[in-house]
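# Examining the three-dimensional arrangement
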Amino acid sequence: MSLALTHIPTGRGDAVLCLQAQRHVVWAGLYPKPEAGAPLEIGIAARRTGVRTRGNQLLVGDQSFPFHHRTYLRRALLWLDQQGVRITTEATR
């Protein structure tokens, strides 16, 4: 069972996206800064296939996490891929 955890800068001020990949669940929490005690937003994908991208956004479950630039999003996607999470891409609306 994987309990890997990482903090990815979003490029929006000091905000970071904390990602955790467990055996069957992917959890994401948006923190205003790395040392904050509680997240502003939380997303949970009940399956490792419940993570998607749309434009510069990472969607975990039903929660959208915007990134300032695609470079920051790519860091998150690379980390998720290394954890064995399958990511799908949605067309932008």
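Heads up: these notes are all about the structure in this document. Computed from a predicted structure; not experimentally measured.

## Section: the overall build of the protein chain
When its secondary structure is counted, the protein chain shows one helix and eight strands. Helices and strands appear in the protein chain in the N-to-C order β-β-β-β-β-β-β-α-β. Here the protein chain has a C-alpha radius of gyration of 12 Å; the compact-globule value for 93 residues is 12 Å, and the two agree. Its C-alpha atoms give the protein chain principal-axis dimensions of about 35 × 30 × 20 Å.

## Focus on the nonpolar core
Counting residues in hydrophobic clusters, the biggest one holds 20 residues, and the most contacted among them are L17, L19, V51, L58, V60 and L80. For this core, the secondary-structure elements that each account for two or more residues are β2 (16-21), β3 (26-31), β6 (57-60) and α1 (70-82). The biggest single contributor to this core is α1, with five residues. With residues up to four places along the chain from it excluded, the contact list for L80 reads L19, V26, V51, L58, V85 and I87.

## Here we look at α1
At 3.6 residues per turn, the α-helix brings residues three or four places apart onto the same side. For α1, which comprises 13 residues, the first-to-last C-alpha distance of 18 Å matches the rise-based estimate of 18 Å (1.5 Å per residue) to within 8%. Among the residues of α1, those classed as buried are L73, A76, L77, W79 and L80. For α1, the arc enclosing every buried residue in end-on projection is 160 degrees, short of the 170-degree limit, so these residues lie on one face. Across from the buried face of α1, at angles greater than 90 degrees, the exposed residues are D81 and Q82. Downstream of α1 by one or two residues, G84 has phi in the positive range, about 85 degrees.

## Let's talk about the sheet that holds β3
Taken in spatial order, the four strands make up an open sheet running β1-β2-β3-β4, and their pairing is antiparallel. Strand pairing shows two members of the sheet lacking a second neighbour, β1 (4-9) and β4 (41-45), which therefore form its edges. If you compare each strand with its neighbour and ignore which way they point, the axes differ by 15 degrees on average. The pairing of β1 with β2 spans six bridges and is classified as antiparallel. Looking across to β2, one finds that H7 is bridged to C18. Here α1 sits on the sheet and contacts β1, β2 and β3; the angle it forms with β1, its principal contact strand, is near 170 degrees.

Calculation notes
Residues numbered from 1 in each chain as written. Predicted model: local features only at pLDDT ≥ 70, side-chain atom pairs only at ≥ 80, totals over all residues. Heavy atoms only, no water. Helix = DSSP H or I, 4+ residues; strand = E, 2+ residues; numbered from the N terminus. Rg over C-alpha atoms; globule rule 2.2 N^0.38 Å. Core = buried A, V, L, I, M, F, W, Y, C linked by side-chain atoms within 4.5 Å. Buried < 20%, exposed > 50% of the residue type's maximum accessible area, 1.4 Å probe, protein only. Contact = heavy atoms within 4.5 Å. Expected span 1.5 Å × (residues − 1). Arc of directions from axis to C-beta. Pairing = 2+ DSSP bridges. Axes fitted to C-alpha atoms, helices over the stretch in contact; angles between N-to-C directions.

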